[in-house]
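# Descriptive structure summary
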Amino acid sequence: MYTVLNSSTDETYHRWDAEAMARCGKRLGVTVEQQSVPASQVMTKALRMASSKSLPDVVQFDASEMPVFAEAGGLVDLRTLGLSTEHVPDGIVDFGSYRGTYYGAARSVNTLALFYNKTVLAEAGVRTPATWDELREAARELTRGKRYGLALSAGGAEDGVFQFTPFMWSNGGDERELDSPEVVEALDFWKALLKDGSLSRSTVNWTQADVNDQFMAGNAAMMINGPWQVETLNSDPGLDWGIAEIPVPEAGADSVAPLGGAVLTVPRTGDDGRQHTAGRIVACLTSEKEQLTYALNSWMVPADERAAAEWRSQVPELDALADQVAAARSRTAQLGAGWPAVSLALQSAFQSALTGQSSEAALKRAQQRATSGN
């Protein structure tokens, strides 16, 4: 029997994974079972299992955590197990790589987009914003009574960092220099939205799930969020929503959002035979057909370009997400295992800047924290 450690604790995701593993097991003539733990526990469990030499055959890591395990020498290069990246965009190959070695294969990826309430925008005569100026103006125009123009997550967790990166990257900012003018300008833009009254002051406490709740309750006309909310959004037949790419500083600029999602890896167990079979299991789970099935179930975008093209034709209402994914970046591409320190520093910077400190001072402190580790 072969074991896959993942974070599919949600009943529907657990079932979809079980069905996919059963199909692949049958195809390969082996039994594949999943062991699911909450996402926050995957890394600690994998490290514990590594120290007791009881690693599973496949581990599904969040892509932002995978470099930590790779740096410790715990993963097998998937290309040596026969996995190809021929139909995978470079950004998604980077997403599963550490220092140029391909350790993690993605079945699907996600990113962020601008979701908007079509009814509210139409009634207010507001067009879908494409630039920061248009977003600021639209958010001001749509803020009425208890309804805010925009909802986003600026909470002190990875959710907030994930949501800030499109503003930082699209403005030419970089995680290696958090106190650069481009990053300061991006945080100042968030501060301006807050000062206008277009964002709730609770923004600093909200997760992405909280943001979605606000949007569905009619307390926000627009929100920054991802495709994992689509199933919940569709549960309200009276909500007419649409999506667009995240607005950019100036017309014509690329909207660069973060890639999110998980990658399937093969831990180094010392058993070559099992590692090669584990590689075949990963290849099957990430095959074009399996990717499409998983993506249509989960509303994520397939990593494989051929599967993504078919996905677009089946869910045209999510076309903007596929466009956003095409230009998206991995959070760990630049810094690898150094990303978590930068993430923590940025989280602290939002909290300070959105509650009174200048963006410049908050980000200067963030840069110091990221480089010193304190």
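The structure this text deals with has already been given above.
We now turn to the structure provided with this report. (Residues numbered from 1 in each chain as written. Predicted model: local features only at pLDDT ≥ 70, side-chain atom pairs only at ≥ 80, totals over all residues. Heavy atoms only, no water.)

On to the pattern of salt bridges. Taken as a whole and judged by the stated rule, the model has 18 salt bridges. The salt bridge involving Glu137 is made with Arg140; its shortest N-O contact spans 3.1 Å. Here the residue Glu137 and the residue Arg140 both occupy positions in helix α6 (residues 132-142), the gap between them amounting to three residues, near one helical turn. Under the relative-accessibility criterion, Glu137 is labelled partly exposed at 39%. (Salt bridge = Lys/Arg side-chain N within 4 Å of Asp/Glu carboxyl O. Helix = DSSP H or I, 4+ residues; strand = E, 2+ residues; numbered from the N terminus. Buried < 20%, exposed > 50% of the residue type's maximum accessible area, 1.4 Å probe, protein only.)

What follows covers the nonpolar core. Counting residues in hydrophobic clusters, the biggest one holds 71 residues, and the most contacted among them are Phe61, Trp241 and Trp311. Sequence-distant contacts of Trp311, defined by excluding residues within four places in its chain, comprise Leu292, Ala295, Leu296, Trp299, Met300, Val301, Pro302, Leu318, Leu321 and Ala322. Of all hydrophobic cores here, the second largest spans 49 residues; its members include Leu114, Trp132, Leu150 and Ile246. (Core = buried A, V, L, I, M, F, W, Y, C linked by side-chain atoms within 4.5 Å. Contact = heavy atoms within 4.5 Å.)

Take unusual backbone geometry next. Here the phi dihedral of Arg99 falls at roughly 50°; this positive angle occurs in a residue that is not glycine. Its identity is not glycine, yet Trp299 carries a phi of approximately 70°, on the positive side. Along the chain, Trp299 falls in the loop between α12 (288-298) and β12 (301-302). Given a relative accessible area of 17%, Trp299 falls into the buried group.

Pairing in this open sheet of four strands is mixed, and the strands run β8-β9-β7-β10 from one edge to the other. Each of the sheet's edge strands pairs with one partner strand only, and the pair in question is β8 (148-151) and β10 (241-244). Mean inter-strand twist for the sheet, computed between neighbouring axes without regard to direction, equals 20°. Each of β7 (113-117), β8, β9 (220-225) and β10 touches helix α9 (residues 208-216); the most contacted strand, β9, lies at about 155° to it. (Pairing = 2+ DSSP bridges. Axes fitted to C-alpha atoms, helices over the stretch in contact; angles between N-to-C directions.)

Attention now moves to the environment of Ala20. Looking at the secondary structure, you find Ala20 in helix α1 (residues 11-28). Between the C-alpha atoms of Ala20 and Ala251, which are 231 residues apart in sequence, the distance is 43 Å. Those residues in contact with Ala20, other than ones at most four positions away along the chain, are Leu285 and Glu290.

Right, let's get into the packing of α1 against α12. Two elements in contact, α1 and α12, have axes whose closest approach is 11 Å; the angle formed by their N-to-C orientations is 170°. In terms of axis orientation, α1 runs roughly antiparallel to α12. Packed against α1, whose contacting residues are Tyr13, Trp16, Asp17, Ala20, Arg23, Cys24 and Arg27, the element α12 presents Glu290, Thr293, Tyr294, Asn297 and Ser298 at the interface. Of the residues that constitute the contact of α1 with α12, the class distribution is five nonpolar, three polar and four charged. (Parallel < 35°, antiparallel > 145°, perpendicular 65-115°, else oblique. Nonpolar A, V, L, I, M, F, W, Y, C, P; charged D, E, K, R; others polar.)

A few words now on the pairing of β7. Most of β7 sits out of view: five of its five residues are buried. On β7, burial covers both faces: Ala113, Phe115 and Asn117 on one face and Leu114 and Tyr116 on the other are all buried. Judged from the four bridges that link them, β7 and β9 form a sheet pairing that is antiparallel. Residue pairing in the sheet places Phe115 in a bridge with Met223 of β9. When β7 meets β10, the two strands line up antiparallel, connected through four bridges. Pairing of Tyr116 across the sheet is with Gly242, part of β10.

Together, Asp133, Glu134, Glu177, Asp179, Glu182, Glu185, Asp188, Glu250 and Glu360 make up a region of like negative charge exposed at the surface. Going through the elements one at a time, α6 and α8 (181-196) are the ones with two or more residues in the negative patch. For Glu182, the position within the fold is in helix α8. Judged by its relative accessible area of 32%, Glu182 is partly exposed. (Patch = residues over 30% accessible without salt bridge, like charges linked within 9 Å, V, L, I, M, F, W, Y side chains within 5 Å. Areas by Shrake-Rupley, 256 points an atom, 1.4 Å probe, with all protein chains shown as cover. Lys, Arg positive; Asp, Glu negative; His and termini not counted. Charge placed at Lys NZ, Arg CZ, Asp CG, Glu CD.)

For the rest of this paragraph, the subject is the sheet that holds strand β1 (residues 2-6). Spatially, the four strands line up as an open sheet ordered β2-β1-β3-β11, and their pairing is mixed. Looking at the sheet topology across the chains shown, the edges are occupied by β2 (32-36) and β11 (262-265). Between one strand and the next, the sheet's axes are offset by a mean angle of 20°, whatever the strand orientation. Pairing analysis gives four bridges linking strand β3 (residues 58-62) to β11, with the strands arranged antiparallel. Each residue of the ladder has a partner; that of Gln60, found in β11, is Leu264. Together, β1 and β2 form the strand contacts of α1, whose direction differs from that of β2 by roughly 155°.

All told, the structure shown has one disulfide when counted by the stated rule. Disulfide partner of Cys24: Cys284, at an S-S distance of 2.1 Å. As the torsion about the S-S bond is roughly -85°, the Cys24-Cys284 disulfide counts as left-handed. Note that Cys24 is positioned in helix α1 and Cys284 in helix α11 (residues 272-285), a separation of 260 residues in sequence. We classify Cys24 as buried; its relative accessible area is 1%. (Disulfide = S-S within 2.5 Å.)

Just distances and angles here, no functional claims.
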